[in-house]
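# A look at the structure
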Amino acid sequence: MDRILNGERTGQDGHPPEEDLFLYVDGELPARKAAYMRTHLDACWSCRVRTEKVQEAITSFVDYRNRVLRALVPSPPHGWRDFDSKLKTVVAESGKRSFRSGLRELIGLLGKPLAAAQAFASSVRHAHFPARRVVRFAAAVLTIVIAAALVLRLTSVPAVSANELLDRAAQASADQIRRVPQAVVHQKLRIKRTAPKSVEETAGLEVWDDKSGSRVRDFLTTEGENIPVAIEGMSGARKSSVFDGLTSALKANGMDYHRPLSIGAFQEWRNSLPGKKESVEKSRLSSGLDLLTLTVGIPDAVKPGQISEASLIVRARDWHPIEQRLSVKSTEGESEYDVVETDFEVLSLDSIEARVFGSTPAATAPAVSRSEKPEASPSPVAEPSASAIVAATPDLEVQVLSLLSESGADLTEQITVDVRPDKLLEVRGIVETDQRKTELLNALGSVIHNPAVRVDIETVAEAVAKQPHKGAGAAAVPDQHAEIANNSIAADPELRRYFSARGIADSEIDDAIRQFSRNVLQHSQLALFQASALRRVADRFTDAELKSLSSDGRAKWLAIIRQHAAAVQSQTAALMQALGPVVGNKPAAALPGDDALAASDASRRDAIKELFELANGNDQVFRSAFALSTGSANISVINTPQFWQLLVRTEALAGSIARGQ
Amino acid sequence: MRVHNVRAKSGAGPEVDFCLDPAMLGLEKGTVRLEDKVAEIFEALREPVYHYLVASFRDSADAEEITQEAFFRLYRHLHSGRSVTDARPWIFRVAHNIAVERLTVNKRFTTIDSHSWEEIMDLLSDPGLSPEQNVLQVERYERLHARLGLLSRQQQQCLHLRAEGFRYKEIAEILGIEISSVAEFLRRAIKKLMRENNG
């Protein structure tokens, strides 16, 4: 056999080893070996075929990577939009000199004066004794002064802009939260109010902010104690008036009153102001802690309830916000609110007592009422009651349904939207992945802070983690499986004839039948899901509730209906398009629309009910024809005129509903 | 230290100079702002780095943040007076190392739900192929996807970096492994893919 490699290592039978072949194909073989390889391949078919197969595998992967994998990779969640601002911060930080470079500079600066001082000292050595002492003392003082200046220069806090301060604080907060799975931010706040013609008052507040579940619970605490207590029955309304006043001020100015000290809320509020004056000041506490204070002034704030000035104070070392001050206009002047953080931690949801976020009624839960006289106007901080401030309206319900529908969450996922007995709208559900959970929470972004809405979406993993572990002696679930009675589907003969007539090779017909069947079943299932979602939306509201919708709410409700109906129409049309050639039917012209649909909500509801029954029936037929069954195979009915008419009716009815006003 | 000019086309944009010697860039003369240069390289490399991180570590939220962090570190590196011969492998190496520090390593290729596959396959349907050929191509992609999911993490990383155009030496530097290990990972990965092609 050819020993063309001339003493180079060879594989079996004189052919090059597989490793060298791979390296050659990949252009990584050293030049000398590559030359020998080329000569061998010129003469050896089998090795040439081996290299071609390697190349084919590489080509397949690259094709797959470029076409499929790229499509699978989600876009960056933030669209790179904060890169420029963060880079500016990095640039600003990098402008600060390092200790070493500053020291070098100082030594350089000191060089000449030190040399001069040395020369002077040398001349003084020969001078009179008392003069020597004075000079030495002066030199010592000078050295101390210079050293102090160096320390001050190198340790001073750099100036930052308002944008940089907020961006850095937001980033630091996000980093903290990201490090903890299912993070819950727990803050203890002390709120102080100084109002004209009134004594200074304080209140304590505990905030539990579930970042992953997008929910917040607030608890008032008594002065001096950090345990949540019910204050119903306490005399006097003053203990809660501080918090009530702060809440009103935050609400009136579009700030998040559930999170009185939050970088995100402050940033959002500040960014929304058209005309403002800002400054950032540095300061240092007696303890040595460096602080940065961002003050935002609104010169045009004149109405009572408006914030005229707000300050956010962060720690310079880690950008953590520790205090917020608000000046709020009132009829008698200005009230000052000072919210100071006394404690802060980021915990995992698992480590928190269930009662914190539990939905038990205010009477039994440790949630706290804002008023000591429940008969006056009970308004628990954690769970506002139906008779108090907020209640979900049909318009709000439609808005939430619309947002979920746009995200496709009303089809196959376990997401429910219910109005609770306390009139709050609750969105609950379990999704497959963290990414999907984030998508849904983002989709609900415009309503998630609505006090009438409660959102509780978790992943399967989170839900499973909450379940109690089963003991070792728990009985195993018996393994159940169904035996497939047939290896072929009922529509097999028709499909086999169809593909054979199209010239598909016998070896590929089985694959073609499987793929065709899978497509049909998917279209049918999607049509059924859409019809089912349509029916749920239609049946959700009574006629009276529909009449109570605003014009905007009604438009949204109709949009959801039309969207689902159009989807049913589209999926049914796709089914007819695919099946027509197989069963010998051409898609028929659409039946005339049902004009009566536009007449009333009741007639629309009836039509939707009929559409659902049609889609359901169609799906059962498709399953009997295209799915492997556990019983004896049913004779396919897909090519009967009666079934075809049902498909035509389904498509026409869906189209009418989609067009209805 | 002599540095060679490294120019590369990335994507559809203009050629970008990935050689980052401050002297050559004209930084000392003040003709080029360092942050502008870093921003230019960011525009050129952010997508490949991001895709590599998502493909290797399966976390798009962190991948965006890590990608940006790698460029911030590039800025600080250059600002301290140091140079970078070729920014491409440098950025990939830094991004890879940050990801290893921060991300969990338990995620592999996940299965795609049928709804997502359907959408993707609809997008990729080739009008030049017959419906049956499209069907067969889809099935090939599905099998390839499944087979890639069986590769080890390092095999996948080597594949992606090689597909990105890095040589074995550069891949070894990025991943912090020996060149011979890179060759072995790639050989085994491609052999597994060959099995898919050959049925």
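Everything numeric in this text was worked out from a predicted model, so none of it was measured. (Residues numbered from 1 in each chain as written. Chains lettered and ligands numbered in written order. Predicted model: local features only at pLDDT ≥ 70, side-chain atom pairs only at ≥ 80, totals over all residues. Heavy atoms only, no water.)

Turning our eyes to something else, we now look at the overall build of chain B. Along chain B, the regular secondary structure elements total 9 helices and 2 strands. Sequence-ordered secondary structure for chain B, helices as α and strands as β, is β-β-α-α-α-α-α-α-α-α-α. Buried residues in chain B amount to 55% of all 199 residues. Pairs at least 24 residues apart make up 64% of the contacts formed inside chain B by residues separated by at least 6 positions. (Helix = DSSP H or I, 4+ residues; strand = E, 2+ residues; numbered from the N terminus. Buried < 20%, exposed > 50% of the residue type's maximum accessible area, 1.4 Å probe, protein only. Contact = heavy atoms within 4.5 Å.)

Let us look at the confidence of the model for chain B. All names here are of chain B. With 70% of its residues at a pLDDT of at least 70, chain B reaches an overall mean of 78. Of all helices and strands in chain B, the one with the weakest mean pLDDT is strand β1 (residues 7-8) (41), whereas helix α8 (residues 168-175) scores best (94). Counted against residues more than four places away or in other chains, residues 105-112, with its pLDDT under 50, gives 25 contacts. Listed scores for the predicted complex are pTM 0.38 and ipTM 0.84. (pLDDT = per-residue confidence, 0-100.)

Let us now look at the interface of chain B and chain A. On the chain A side, the residues contacting the 58 residues of chain B number 49 residues. Around 5,100 Å² of area is buried between chain B and chain A when both sides are counted, 62% of it from carbon and sulfur atoms. Inspection of the region where chain B meets chain A yields 10 salt bridges. The interface formed by chain B and chain A includes 21 residue pairs in polar contact (both at pLDDT 80 or more). Of the residues forming the side of chain B that touches chain A, the biggest block, 12 residues, is contributed by helix α3 (residues 60-79) of chain B. (Buried area = accessible area lost by both parts, 1.4 Å probe. Salt bridge = Lys/Arg side-chain N within 4 Å of Asp/Glu carboxyl O. Polar contact = N/O pair within 3.5 Å; in protein donor to acceptor, adjacent residues only side chain to side chain.)

Between two packed helices, what matters for the description is the angle formed by their axes and the separation of those axes. Residues and elements named next belong to chain A. In the contact formed by helix α18 (residues 601-626) and helix α19 (residues 641-659), the axes pass within 10 Å of each other and the chain directions differ by 145 degrees. α18 and α19 meet at a crossing whose hand is left-handed. Along the contact surface, α18 presents A607, I608, E610, L611, L614, N618, V621 and F622, while α19 presents F643, L646, L647, R649, T650, L653, A654 and I657. (Axes fitted to C-alpha atoms, helices over the stretch in contact; angles between N-to-C directions. Left-handed = near helix turned anticlockwise from the far one by under 90°.)

Let us now look at the environment of E164(A). Residues and elements named next belong to chain A. Structurally, the position occupied by E164 is in helix α7 (residues 162-178). Taking the C-alpha atoms as reference points, E164 and K86, separated by 78 residues in sequence, lie 8.1 Å from one another. Discounting residues that sit within four places of it in the chain, E164 has contacts with T89 and A92.

Turning next to the confidence of the model for chain A. Residues and elements named next belong to chain A. In the predicted model, chain A carries a mean pLDDT of 76, and 74% of its residues have values of at least 70. Note that residues 224-239 has pLDDT below 50 and, in this model, 31 contacts with residues that lie over four places away or in other chains. Confidence drops under a pLDDT of 50 for residues 360-389, and excluding neighbours within four residues, the segment shows 74 contacts in the predicted structure.

Summed over all chains, the structure comprises 49 salt bridges over all chains. The partner of E610(A) in a salt bridge is R649(A), with the nearest N and O atoms 3.1 Å apart. A residue pair is termed long-range when its members are at least 10 positions apart, and E610(A) in helix α18 and R649(A) in helix α19 qualify at 39 residues. Look at E610(A) and you get partly exposed, because its relative accessible area is 29%. For R649(A), a relative accessible area of 21% puts it in the partly exposed group. With a closest N to O distance of 3.7 Å, R46(B) and E47(B) form a salt bridge. Take E47(B): its relative accessible area is 30%, and that puts it in the partly exposed class. Taken together, the shared-partner salt bridges connect E18(A), E184(B), R187(B), R188(B) and K191(B) into one network.

Turning our eyes to something else, we now look at the nonpolar core. Of all hydrophobic cores here, the largest spans 76 residues; its most connected members are L53(B), F71(B) and L159(B). Of the residues forming this core, the biggest block, 13 residues, is contributed by helix α2 (residues 34-57) of chain B. Beyond its immediate chain neighbours, meaning those up to four positions away, F71(B) contacts F83(A), V38(B), I41(B), F42(B), L45(B), R46(B) and I91(B). In terms of nonpolar packing, the next biggest core, distinct from the first, is built from 47 residues, L528(A), A538(A), F541(A) and A565(A) among them. (Core = buried A, V, L, I, M, F, W, Y, C linked by side-chain atoms within 4.5 Å.)

The next subject is the pairing of strand β6 (residues 307-315) of chain A. Residue and element names in this part refer to chain A. Most of β6 is tucked away, with 8 of its 9 residues classed as buried. Pairing analysis gives 7 bridges linking strand β5 (residues 290-297) to β6, with the strands arranged antiparallel. Within β6, the position partnered with G297 by the bridge is E309. Here β6 pairs with strand β7 (residues 321-330) via 7 bridges, running antiparallel. Looking at β7, one finds that A310 is bridged to L326. (Pairing = 2+ DSSP bridges.)

Turning to empty space enclosed by the protein, a few remarks are in order. All names here are of chain A. Summed over all chains, the structure comprises 9 cavities of 30 Å³ or more. Taken as a whole, the largest cavity spans an internal volume of roughly 150 Å³. Taken together, S214, R215, V216, R217, D256, H258, R259, I448, H449, N450, V453 and R454 make up the lining of the largest cavity. The dominant element in the lining of the largest cavity, judged by the number of residues it contributes, is strand β3 (residues 215-221), at 3 residues. Residues that form the lining of the largest cavity fall into these classes: 3 nonpolar, 4 polar and 5 charged. (1 Å grid on protein atoms, 1.4 Å probe; cavity = no way out; pocket = protein on both sides within 12 Å on 5 of 7 lines; lining within 4 Å. Points joined across faces, edges and corners; volume = space filled by probe spheres on them. Nonpolar A, V, L, I, M, F, W, Y, C, P; charged D, E, K, R; others polar.)

Residue and element names in this part refer to chain A. Residue W80 is not a glycine yet carries a positive backbone phi of 60 degrees. By secondary structure assignment, the location of W80 is in the loop between α3 (45-72) and α4 (83-95). By relative accessible area, W80 is classed as buried at 7%. At Q182, a residue that is not glycine, the phi angle is positive and equals roughly 45 degrees. When you line up the elements, Q182 lands in the loop between α7 and β1 (183-194). Judged by its relative accessible area of 15%, Q182 is buried.

So, about the packing of aromatic side chains. Tallying each qualifying case throughout the model produces 14 aromatic pairs over all chains. The interplanar angle of 50 degrees and the centroid separation of 6.2 Å between the aromatic rings of Y64(A) and Y141(B) together place this pair among those described as tilted. Of this pair, Y64(A) sits in helix α3 while Y141(B) is found in helix α6 (residues 131-148), placing the two residues in two different chains. Like Y64(A), the residue Y141(B) is buried in the burial classification. A centroid spacing of 5.6 Å and a plane angle of 80 degrees characterise the contact between W80(A) and Y50(B), whose relative ring orientation is edge-to-face. Taken together, the positions of W80(A) in the loop between α3 and α4 and Y50(B) in helix α2 put the pair across two chains. Like W80(A), the residue Y50(B) is buried in the burial classification. Every member of this aromatic cluster is reached through a ring pair, and the members are W80(A), F83(A), F42(B), Y50(B), F71(B) and F72(B). Directly above the ring of Y257(A) sits K251(A), whose terminal nitrogen or CZ lies 4.8 Å from the centroid. (Phe/Tyr/Trp six-rings, centres within 6.5 Å; stacked < 30°, edge-to-face > 60°. Lys NZ or Arg CZ within 6 Å of the ring centre and 35° of its normal.)

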